[in-house]
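# Structure assessment
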Amino acid sequence: EQDAADLFAYFYSVQFFGKPGDAARGKRVFSSRHCAECHGIAESKVADARPVREWQALGNPIILASQMWNHSAHMKEAFD
């Protein structure tokens, strides 16, 4: 019983049973935040802008959010 409880606690902690993301909403945000102007899905649209396919953190939402947060200061400078 304890093993089963531990297993379900783990599933809950990683949101295993959670609703999957909404790809259409993600695409709208990617475009509305101007990410798509530089980052293509398979290829870079401008120099030094890695395509989404090469992003290392896609499987880890915490690392992805951290990298996006740290990237925002650089992007603010680029758009000013």
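Note that the structure is predicted; figures quoted are calculated from it, not measured. (Residues numbered from 1 in each chain as written. Predicted model: local features only at pLDDT ≥ 70, side-chain atom pairs only at ≥ 80, totals over all residues. Heavy atoms only, no water.)

Turning our attention to the overall build of the chain. Secondary structure assignment for the chain yields three helices and zero strands. Moving toward the C terminus, one meets the helices and strands of the chain in the order α-α-α. The globule rule puts the C-alpha radius of gyration for 80 residues at 12 Å, and the 17 Å found for the chain is more than 25% above it. Per-residue burial for the chain yields a buried fraction of 11% across its 80 residues. A separation threshold of at least 6 residues defines the contact pool for the chain, and within that pool the share at least 24 residues apart is 11%. Only carbon and sulfur atoms are counted for the fraction: they give 58% of the accessible area of the chain, which is about 7300 Å². Charged side chains of the chain number 9 positive and 10 negative; the gap between the two group centres comes to 10 Å. (Helix = DSSP H or I, 4+ residues; strand = E, 2+ residues; numbered from the N terminus. Rg over C-alpha atoms; globule rule 2.2 N^0.38 Å. Buried < 20%, exposed > 50% of the residue type's maximum accessible area, 1.4 Å probe, protein only. Contact = heavy atoms within 4.5 Å. Areas by Shrake-Rupley, 256 points an atom, 1.4 Å probe, with all protein chains shown as cover. Lys, Arg positive; Asp, Glu negative; His and termini not counted. Charge placed at Lys NZ, Arg CZ, Asp CG, Glu CD.)

This part takes up helix 2 (residues 23-32). The backbone nitrogen of Ala 24 lies 3.1 Å from a side-chain oxygen of the residue at the head of helix 2, namely Asp 22. Phi turns positive, to about 70°, at His 34, one or two residues after helix 2. (Polar contact = N/O pair within 3.5 Å; in protein donor to acceptor, adjacent residues only side chain to side chain.)

When the pLDDT values of the chain are averaged, the result is 85; 99% of them are 70 or greater. Least confident of the elements in the chain is helix 3 (residues 61-79), whose mean pLDDT is 82; most confident is helix 2, at 91. (pLDDT = per-residue confidence, 0-100.)

Under the defined criterion, the tally for this structure stands at three aromatic pairs. Put simply, the rings of Phe 8, Tyr 10 and Phe 11 touch in pairs and so form one group of aromatic residues. (Phe/Tyr/Trp six-rings, centres within 6.5 Å; stacked < 30°, edge-to-face > 60°.)

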